[in-house]
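One letter stands for each residue in the lines below.
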Amino acid sequence: MTTNIASSIARIQGTQLKKAVALFSKLKLNTAEAVLSVRQGSLSITAMYGATGLRVTLPSDSIGKDDCEIDLQGLKDILGGVKGIIEIATNGSVIINTDSGEIVLPFTPGKLALPNVKQETASVYSEDLQKALRKVLPFSATSENKRNLYGVLVEVQETGLRAVASDGFRLAYADISAKGVREESVMIPLVLARLLQDVIRLVPACEVSVRADKSVLKIHSEYFELVFPRPDFEFPDYRRILPGDFRATLEVSREELLEAVNRSLGADKVRLTRDGEVICISGKIGEGNFTHKVSVAGEGEMKATYNPKFLKDALTAIDSELVTMGFVEANSPLQLTPEEGETEKYLVMPIRDI
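We now turn to the structure provided with this report. All values derive from a computational prediction rather than experimental measurement. (Residues numbered from 1 in each chain as written. Predicted model: local features only at pLDDT ≥ 70, side-chain atom pairs only at ≥ 80, totals over all residues. Heavy atoms only, no water.)

## Section: the pattern of salt bridges
Side chains that differ in charge, positive against negative, can pair when their charged atoms come close.
Turning to step 1, where the next piece is worked out: Per the counting criterion, the structure on display carries 20 salt bridges.
Turning to step 2, where the next piece is worked out: With its nearest N and O atoms 3.0 Å apart, the salt bridge here joins R39 to D67. Residue R39 is located in strand 2 (residues 33-39), and its partner D67 is located in strand 6 (residues 66-71); the two are separated by 28 residues in the primary sequence.
Turning to step 3, where the next piece is worked out: Among the residues examined, D67 registers a relative accessible area of 10% and is labelled buried. (Salt bridge = Lys/Arg side-chain N within 4 Å of Asp/Glu carboxyl O. Helix = DSSP H or I, 4+ residues; strand = E, 2+ residues; numbered from the N terminus. Buried < 20%, exposed > 50% of the residue type's maximum accessible area, 1.4 Å probe, protein only.)

Okay, structure coming up:
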């Protein structure tokens, strides 16, 4: 390990630093340069291109204070085979000690602060935000051609924060507790919403602040900052398609229904039919027909056709043992909610049978 007098020394798990560096690759910033910062108890990497930037801070056994430019790809290559503790020291050069040897890089002083956004819209716990993103991201449009659906809508309400996503064929929303400062609706593009998920997984649990002004959105905490231009498009008014006045309100075991849907995934579509005390899930795979049955309780009849993958995504997102299915008619969205109440809703549009 380094024995020379150093301006700063940081010791950290190589795998943790490797994951942090990989986040910048996912962001696809068009710059190889980043700033490595050592502070008492932490190690940070910050990079920015245009108006998009990211800072990731990891707890570290570190002393001293220094900021220097670092080549992200070079650091990624150095960390490629590292598994144990690494030590990074600065003393006129950057010395990286790994389990396989010592690497010495030139030292170039550098500082980088991401833009500040003063107007806070909400404060939320990172694990709650991560849960909301996990539940709704599978429902987002994945093509930028659907630009007003490409990502996650974050809605700050009096009662908390709501995350919403849709690809035009299904929709999901999840409500979480938040300290709301002012009502606001902002769109997080899909690539950045996925990046935010990965960042939250990596850093310790923390309070997260969502800030927005007319042109910039910033999501930050003690351990990370993500800043990017506010999208110039608006998410559609999803409330217009939320169904009501259900013809049937049915209750099923989530696990049993999910198992039956999983067995149906080879089909392009499946028909759900209420038949007494069961729901029949029928379809065709190749030349063969199938019917799976799941016990059901509740009032009302049901008969409609859906994409089984869309049903699976909704059932996978729900955590409760029982699922309530709200059915209006064959041409209306099917609503799935957990037994606990209205904090989550999943809509699946029907397939019209010809």
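There's plenty left to go through after this.
## Focus on the packing of helix 5 (residues 254-262) against helix 6 (residues 308-317)
Turning to step 1, where the next piece is worked out: Contact geometry of helix 5 with helix 6 gives a least axis separation of 9 Å together with a crossing angle of 150°. Classified by the angle between their axes, helix 5 and helix 6 sit roughly antiparallel to one another. The chirality of how helix 5 crosses helix 6 is left-handed. For the pair helix 5 and helix 6, contact is made by R254, L257, L258, V261 and N262 and by P308, L311, K312, L315 and T316, respectively.
Turning to step 2, where the next piece is worked out: Broken down by class, the residue content of the contact of helix 5 with helix 6 amounts to six nonpolar, two polar and two charged. (Axes fitted to C-alpha atoms, helices over the stretch in contact; angles between N-to-C directions. Parallel < 35°, antiparallel > 145°, perpendicular 65-115°, else oblique. Left-handed = near helix turned anticlockwise from the far one by under 90°. Contact = heavy atoms within 4.5 Å. Nonpolar A, V, L, I, M, F, W, Y, C, P; charged D, E, K, R; others polar.)

## Overview of the pairing of strand 3 (residues 42-49)
On any regular strand, side chains alternate: one points to one face of the sheet, the next to the other face.
Turning to step 1, where the next piece is worked out: Burial runs high along strand 3: six of the eight residues are buried.
Turning to step 2, where the next piece is worked out: Examined bridge by bridge, strand 2 and strand 3 share five bridges and lie antiparallel to one another. Within strand 3, the position partnered with L36 by the bridge is I45.
Turning to step 3, where the next piece is worked out: Between the antiparallel neighbours strand 2 and strand 3 lie two residues, among them G41 with a positive phi of about 85°.
Turning to step 4, where the next piece is worked out: Alignment of strand 3 against strand 4 (residues 52-59), held across eight bridges, turns out to be antiparallel. Of the residues in strand 4, the one forming a bridge with I45 is V56.
Turning to step 5, where the next piece is worked out: Where strand 3 folds back onto strand 4 in an antiparallel hairpin, the turn is made up of two residues, including G50, whose phi is positive at roughly 65°. (Pairing = 2+ DSSP bridges.)

## Some words on the sheet that holds strand 11 (residues 151-157)
Turning to step 1, where the next piece is worked out: The strand order 15-11-12-13-26-25-24-19-22-21-20-23 describes an open sheet built from twelve strands, whose pairing is antiparallel. Each edge of the open sheet carries a strand with a single partner, namely strand 15 (184-189) and strand 23 (303-306). Neighbour to neighbour, the strand axes of the sheet diverge by 25° on average, direction disregarded.
Turning to step 2, where the next piece is worked out: Sheet topology note: the strand 21 (residues 278-285)/strand 22 (residues 288-299) ladder contains eight bridges and is antiparallel. Considered in strand 22, the bridge of I281 is made with H292.
Turning to step 3, where the next piece is worked out: The strands that helix 5 touches are strand 19 (248-253), strand 21, strand 22 and strand 24 (322-327); relative to strand 19, the one it contacts most, it runs at about 85°.
Turning to step 4, where the next piece is worked out: Packed onto the sheet, helix 6 meets strand 13 (170-176), strand 20 (270-275), strand 23, strand 24, strand 25 (334-338) and strand 26 (344-348) and runs at close to 175° relative to strand 26.

Interpretation note: all reported values are geometric properties and have no functional meaning in isolation.
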